[in-house]
Amino acid sequence: MEKREPMAKREKDTLTKLELEIMQVIWRQGASNVTAVQAGLEQQLAYTTVQTMLNILHRKGKLKRKLKGRAFEYRATVTEANASGHALRDLVDRMFGGSSEELVMSLIKSRQIDAKRIAELSKRLEEKGSDQ
């Protein structure tokens, strides 16, 4: 029973690819109705598809909506940084058993990052730490 609750929470927190694209439009444009979101997407989607996705995001708690005239206006309830943090935690949990070290090792092994770049990033983090 205990394992079902975290899975349900993960599904609520994690955005699908299309949900993320729609959220990015709203983060970029601010409060938007269905037509504005549809116009802001790179891919062409039917009005009803965008409307359905906005309703799903509203049910997930990622958007709030307010009736403006005859159409709902949708506004993000989560920041882009918060959403990316959830996605990263989900990736690390699912693919690397919760180990961020294993994620870094995978990036190194697949040659997506090298030791020199890691050293540069570490130095930047140390500099940021001294700024605060």
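Just above sits the structure.
Every chain is numbered independently, its residues counted from 1 as its sequence is written. Local features are withheld for residues below a pLDDT of 70 in this predicted model, meaning they are given only at 70 or higher, and side-chain atom pairs are given and counted only at 80 or more; totals for whole chains, interfaces and linings count all residues. Processing note: side-chain calculations cover all non-hydrogen atoms of the structure and skip hydrogens and water entirely.

Student: Which residues make up the layout of surface pockets, and what values go with them?
Tutor: Its volume calculated, the largest pocket comes out at about 180 Å³. Using a 1 Å grid laid over the protein atoms alone, points where a 1.4 Å probe fits but cannot get out form a cavity; open sets with protein on both sides within 12 Å along at least 5 of 7 lines form a pocket; any residue with an atom within 4 Å of a point counts as lining. As for the largest pocket, its lining consists of 13 residues, and the residues nearest its centre are Leu 15, Leu 20, Ala 83, Ser 84 and Ala 87. Numbered from the N terminus, helices here are DSSP runs of H or I no shorter than four residues, and strands are runs of E no shorter than two. Elements with a contribution of two residues or more to the lining of the largest pocket: helix 2 (17-29) and helix 5 (80-96). With seven residues, the single largest contributor to the lining of the largest pocket is helix 5. Residues of the lining of the largest pocket, tallied by class, amount to six nonpolar, three polar and four charged. Grid points are joined across faces, edges and corners, and a volume is the space filled by probe spheres set on the points. Note that Gly is not counted as nonpolar here; it falls among the polar residues with everything else outside the nonpolar set of Ala, Val, Leu, Ile, Met, Phe, Trp, Tyr, Cys and Pro and the charged set of Asp, Glu, Lys and Arg.

Student: Tell me about the packing of helix 2 against helix 4 (residues 47-59), and please be specific about residues and values.
Tutor: For the pair helix 2 and helix 4, interaxial distance at closest approach is 10 Å and the crossing angle is 90°. One way to sum up the angle between helix 2 and helix 4 is to call them roughly perpendicular. Contact residues: Leu 18, Glu 19, Ile 22, Met 23 and Ile 26 in helix 2; Met 53, Leu 54, Ile 56 and Leu 57 in helix 4. Within the contact of helix 2 with helix 4, the residues separate by chemical class into eight nonpolar, no polar and one charged. In this description, a line fitted to the C-alpha atoms serves as the axis of each element, helices being fitted only across the stretch in contact, and the angle between N-to-C directions of two axes falls anywhere from 0 to 180 degrees. With respect to orientation, any angle under 35 degrees is reported as roughly parallel, any angle over 145 as roughly antiparallel, any angle of 65 to 115 as roughly perpendicular, and every other angle as oblique. Contacts are assigned to residue pairs that have any heavy atoms within 4.5 Å of one another.

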